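# Structure assessment
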Amino acid sequence: MRPLKVLILEDNAFQLMVLHQMLNTFRIFDVLVAENLDSARRSLARHGTIDVAICDLYVEGLTGLDLIRELAVKREAMALIILSCAAPHIVEKAVMTARSEGLRVLGCLAKPVTVNGLGQLLDAYRNHDAYASDEGAN
């Protein structure tokens, strides 16, 4: 199984650190962190495409939708996990936007994120990725 590269967009420093540590427990060590949209853009420009973006919908006066659109249009991410404590209709709008732009949505996690919830979504990505690799080999 190849290592994953993940970007976390989260403006709460504590939650960002916790998510980073959770990813490390899943043996994901190639983690880009960003507290705002500009920081996320710089990280992606420096480090290239990612497997999974974990994106908070509300960061520093902007919405994570801006990053979601960019990730999809520029093909900088394979999949997305949405973080939010927003109303369900706002989360659904983000999911629909991501999917309409061609980005695979693994799921939505309410804050605070649990290890089990994050692990299930990462497993879904890995299992799909492994299945796609097997299919390509046949």
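First, a word on scope: everything that follows refers to the structure included in this document. Being a predicted model, the structure only gives us computed values, none of them experimental.

## A closer look at the nonpolar core
If you look at the biggest cluster of nonpolar residues, it comprises 27 residues, and the most contacted ones within it are Leu 7, Leu 67, Ile 68, Leu 80 and Leu 103. Put simply, the parts of the chain that give this core at least two residues each are strand 1 (5–9), strand 2 (30–34), helix 2 (37–47), strand 3 (50–56), helix 3 (64–73), strand 6 (77–83) and helix 4 (88–100). With five residues, the top contributor of residues to this core is helix 3. Non-local contacts of Leu 7, meaning those with residues more than four positions away in its chain, are made with Leu 32, Val 33, Ala 34, Ala 40, Leu 44, Ile 50, Val 52, Ala 53, Ile 54 and Leu 67.

## Section: helix 4
With 13 residues, helix 4 extends 18 Å between its outermost C-alpha atoms, agreeing within 8% with the 18 Å of an ideal straight helix rising 1.5 Å per residue. For helix 4, every residue scored as buried is listed here: Val 91, Ala 94, Val 95, Thr 97 and Ala 98. Summarising the axial view, the buried residues of helix 4 lie within an arc of 165°, below the 170-degree limit, and thus occupy one face. Turned more than 90 degrees away from the buried face of helix 4, the exposed residues are Pro 88, His 89, Met 96, Arg 99 and Ser 100. Positive phi shows up at Gly 102, right after helix 4, with a value of about 95°.

## Details of the pairing of strand 3
Most of strand 3 sits inside the fold, with seven of its seven residues counted as buried. Note: strand 1 against strand 3, four bridges, orientation parallel. Counterpart to Leu 7 in the pairing with strand 3 is Ala 53. In this structure, strand 3 lies alongside strand 6, joined through six bridges in parallel fashion. Directly across from Asp 56, in strand 6, lies its bridge partner Leu 83.

## Section: the sheet that holds strand 3
Strand order in the open sheet formed by five strands is 2-1-3-6-7, and the pairing between neighbours is parallel. The open sheet is flanked by strand 2 and strand 7 (104–109), the only strands paired with a single partner. Going across the sheet, the axis of each strand differs from the next one's by a mean of 20°, ignoring polarity. Two strands pair when backbone bridges link them, and strand 6 and strand 7 are joined in this way by five bridges, in the parallel orientation. Among the inter-strand pairings, Leu 80 is bridged to a residue of strand 7, identified as Val 105. Packed onto the sheet, helix 2 meets strand 1, strand 2 and strand 3 and runs at close to 150° relative to strand 2.

## Some points on the pattern of salt bridges
If you walk through the whole model with that rule in mind, you get six salt bridges. In the salt-bridge network here, residues are joined through shared partners; they are Asp 38, Arg 41, Glu 70 and Lys 74.

The rules behind these values
- Residues numbered from 1 in each chain as written.
- Predicted model: local features only at pLDDT ≥ 70, side-chain atom pairs only at ≥ 80, totals over all residues.
- Heavy atoms only, no water.
- Core = buried A, V, L, I, M, F, W, Y, C linked by side-chain atoms within 4.5 Å.
- Buried < 20%, exposed > 50% of the residue type's maximum accessible area, 1.4 Å probe, protein only.
- Helix = DSSP H or I, 4+ residues; strand = E, 2+ residues; numbered from the N terminus.
- Contact = heavy atoms within 4.5 Å.
- Expected span 1.5 Å × (residues − 1).
- Arc of directions from axis to C-beta.
- Pairing = 2+ DSSP bridges.
- Axes fitted to C-alpha atoms, helices over the stretch in contact; angles between N-to-C directions.
- Salt bridge = Lys/Arg side-chain N within 4 Å of Asp/Glu carboxyl O.

On their own, these measurements won't tell you what the molecule is for.
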